[in-house]
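Observations on the model geometry
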Amino acid sequence: MKPLKKKYEQQDDSELLEKYLSTGDIELLGILYNRYIHLVYGVCLKYFKDREKSKDAVNEIFEKLIREVSRFEIQNFRSWLYVLVKNHCLMEIRRTRNEQKRFNQFSHDRFMESVDITHPIDEERDDALEERLIKCMEKLKQEQYSCIRLFYYENCCYKEIAGKLGIEEKKVKSYIQNGKRNLKICLEQNRKQDEI
């Protein structure tokens, strides 16, 4: 056993904390932290319900402890540490939920993009459909019309369209998607009118 560890092992929490704050010796803080490492691990396990994640959190919390301990006037180290651990776990859970939410939204958006129901402009077109498409295209906003014409009739890629029109690629994609939606609405309205 190291002499330093043996020397400070018998001191109470407040003495050890005070000594750490005056010297900045990390080993002293480590001795203090090790007294409650089982508590830290237990709280993490309660919240995360995952042994490996809890072990990682024990290390993360010690790093956080190094940064935070000097910022507070701590009367009872054990109680203060418990609150620090609990807050760390809750913030980690919240962060993970937010990441999962963003991932789910991204996955949903990508899925909706990739399984877009076949649009009449993407299909083989006969003369009647082509004529209706042209009439509906004339009703589109100028940006949508230009992007759809360049993409579908001149076979330009997003980058080429962006260069020709002087707009960002993401705008090109947006104009095409919105234009396709407006074309579909227009075609359905025309079809309903033809049926009447």
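Check the entry above for the structure.
Residues numbered from 1 in each chain as written. Predicted model: local features only at pLDDT ≥ 70, side-chain atom pairs only at ≥ 80, totals over all residues. Heavy atoms only, no water.

1. Some remarks on the pattern of salt bridges
To keep things clear, this is the line we draw: Here a salt bridge means any side-chain nitrogen of Lys or Arg lying within 4 Å of a carboxyl oxygen belonging to Asp or Glu. Each helix is a run of H or I in the DSSP string that is no shorter than four residues. Each strand is a run of E no shorter than two, and both are numbered from the N terminus. Using a 1.4 Å probe on the protein chains alone, a residue whose accessible area is under 20% of its type maximum counts as buried, one over 50% counts as exposed, and one in between counts as partly exposed.
Scanning the entire structure with this criterion turns up 7 salt bridges. Ionic pairing is found between Arg 35 and Asp 13, a salt bridge with its closest N-O pair at 2.7 Å. A residue pair is termed long-range when its members are at least 10 positions apart, and Arg 35 in helix 3 (residues 26–35) and Asp 13 in helix 2 (residues 13–23) qualify at 22 residues. For Arg 35, a relative accessible area of 24% translates into the label partly exposed. Judged by relative accessible area, which is 16%, Asp 13 ranks as buried. Its salt-bridge partner being Arg 149, residue Glu 154 comes within 2.4 Å of it at the nearest N-O pair. Overall, Glu 154 belongs to the partly exposed group, its relative accessible area being 40%.

2. Points about the environment of Leu 65
Stated formally: Residues are treated as being in contact if the distance between any of their heavy atoms lies within 4.5 Å.
Along the chain, the position of Leu 65 falls in helix 5 (residues 51–68). It is 9.9 Å that separates the C-alpha atoms of Leu 65 and Gly 30, two residues lying 35 residues apart in sequence. Here Leu 65 is in contact with Leu 29, Tyr 33, Phe 77, Trp 80, Leu 81 and Leu 84, once residues within four sequence places are set aside.

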